[in-house]
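Architecture at a glance
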Amino acid sequence: MNANLHLPSRGWSRAEESHKHGSGGERAPRIGLVLSSGGARGLAHAGVIQVLEEEGIQIAAIAGCSMGAYVGALWAAGLNGVQLEARAREIKDRKALKALLDFVIPPSEGLIRGEKIRRHFERDLGTKTFADLERPLLIVATDLDRLTPHVFDSGPVSPAVHASAAIPAICAPVHLNGRRYTDGGTSEPLPVTLLKKRLHLDHIIAVNVMPMPGDFESSLNGDLSMRDKAPGNIFVRIFRSIWRKLNLLAYGNVLDTFRRALMAAQLRLIAKEEAAADVVIHPRFTTSTWHDFENFGHYLQAGRDAATAALPAIRALLSPATINQETISHEIAPSHTRMEYLAA
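The following refers to the structure shown. (Residues numbered from 1 in each chain as written. Predicted model: local features only at pLDDT ≥ 70, side-chain atom pairs only at ≥ 80, totals over all residues. Heavy atoms only, no water.)

Topic: the packing of aromatic side chains
Applying the stated rule across the entire model yields 2 aromatic pairs. Measuring from ring centre to ring centre gives 5.6 Å for tyrosine 70 and phenylalanine 121, while their planes differ by 50°; the resulting arrangement is tilted. With tyrosine 70 in helix H3 (residues 67-76) and phenylalanine 121 in helix H6 (residues 115-125), this pair connects stretches of sequence that are 51 residues apart. Phenylalanine 121 carries the same exposure label as tyrosine 70, and that label is buried. The cationic tip of arginine 135 hangs over the ring face of tryptophan 75; the distance from NZ or CZ to the ring centre is 4.2 Å. (Phe/Tyr/Trp six-rings, centres within 6.5 Å; stacked < 30°, edge-to-face > 60°. Helix = DSSP H or I, 4+ residues; strand = E, 2+ residues; numbered from the N terminus. Buried < 20%, exposed > 50% of the residue type's maximum accessible area, 1.4 Å probe, protein only. Lys NZ or Arg CZ within 6 Å of the ring centre and 35° of its normal.)

Side note on the pairing of strand E3 (residues 137-143)
Counted residue by residue, E3 has 7 buried out of 7 residues, so it is predominantly covered. Here E3 pairs with strand E4 (residues 148-152) via 5 bridges, running antiparallel. By the bridge assignment, isoleucine 139 is partnered in E4 with phenylalanine 152. From the end of E3 to the start of E4, which pair antiparallel, there are 4 residues, and leucine 147 there has a positive phi angle of about 60°. (Pairing = 2+ DSSP bridges.)

Description of the environment of alanine 76
With respect to the secondary-structure elements, alanine 76 resides in helix H3. For alanine 76, a relative accessible area of 0% gives the class buried. Expressed as a C-alpha distance, the spacing of alanine 76 and arginine 135, which sit 59 residues apart in the sequence, is 5.6 Å. Setting aside chain neighbours within four positions, we find alanine 76 in contact with Ile62, Leu133, Glu134, Arg135 and Leu137. (Contact = heavy atoms within 4.5 Å.)

Thoughts on the packing of H6 against helix H7 (residues 157-164)
The geometry of H6 relative to H7 is characterised by a closest axis approach of 10 Å and an angle of 140° between their N-to-C directions. Classified by the angle between their axes, H6 and H7 sit oblique to one another. In this structure, H6 meets H7 at a crossing whose hand is right-handed. In this structure, H6 uses Glu115, Arg118, Phe121, Glu122 and Leu125 to contact H7, whose residues at the interface are Val157, Ser158, Val161 and His162. (Axes fitted to C-alpha atoms, helices over the stretch in contact; angles between N-to-C directions. Parallel < 35°, antiparallel > 145°, perpendicular 65-115°, else oblique. Left-handed = near helix turned anticlockwise from the far one by under 90°.)

Regarding the nonpolar core
Within the largest apolar cluster, 68 residues are counted, with the highest numbers of intra-cluster contacts made by Leu33, Ile59, Leu137, Ile139, Phe152, Val157 and Ile281. Among the elements that line this core, the one with the most residues is helix H13 (residues 296-317), at 11 residues. Among residues more than four places away in sequence, those in contact with phenylalanine 152 are Phe130, Leu137, Leu138, Ile139, Ala141, Ala160, Ala163, Leu176 and Tyr181. Of all hydrophobic cores here, the second largest spans 22 residues; its members include Leu190, Leu194, Ala206 and Leu267. (Core = buried A, V, L, I, M, F, W, Y, C linked by side-chain atoms within 4.5 Å.)

Notes on the pairing of strand E8 (residues 279-283)
Counting buried positions along E8 gives 5 out of 5 residues, so the element sits mostly inside the fold. Judged by which residues are buried, E8 turns out to be covered on both faces: Val279, Ile281 and Pro283 on one side and Val280 and His282 on the other are all buried. Here strand E7 (residues 203-207) runs beside E8; their pairing, made up of 3 bridges, is parallel. Within E8, the residue paired with valine 207 across the bridge is isoleucine 281.

In structure tokens form, the structure reads like this:
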């Protein structure tokens, strides 16, 4: 990771000023928001943000990786929760999603290049740098050459989001400044400790949209392979049988096996980071796949429901009395008040 965070001289003063003083001259607690990786599940982040905005919860800084980096970057750039939902609604079906895919032939580095997706979110981010954002933002990607997490905190925002969201084996690595980067979720899927330490925040709200270990056994993650078992005529069944063997993402095939093995490591990292957060918001989904963007309404509502359930605990963080003295002196204090909020 970068050894030090060098804050730019401009661009973040608005967020800093809003957290400098509370009632009676006391400093209001500075709260950070961490947005996890999770593919289409990450649309729930927008639902959480909507609730925070509606309730007037001030966020001093954001950290995110993969889909969390995308949503966090748009929010830090000035889009509000309603606008984030409008962006989610643009991918209304599989046809709209496929229009954003630029396939690599032959697929030596990955299945898709990701340039179309990058141009898609550049409509809002344009050439903005981290210094241009309305609040501090940390984006985590994985450096494939050093095999370590890499924190982007300066320079153009769009390439950093592209690097952080490059799903391994699905998306080709992103080449920046002579190095190769892939999905930040492989190394820091929920960067709670990173954000709290770098920006010396008082409290962290973590939004984890990744599945829980038990979700796989109970099929709550909604593998496409399970949908293939729907009844059909003999020709449909034959086609599905052949397609399951050709589809690398189908249950039991190479990319599905790779994804599940990677998920095992991610879930252990997430459990450790959740323990460092003060409030954990964990939207839950009865059916979910990483590319299930057309069900945006389901994810947005799950995010809203989980955030609403967490509001009492979030409000409790807002009192100046909750500022931990160790945190003020720039040390990371263990959390004794962490609570997790789930929405079915």
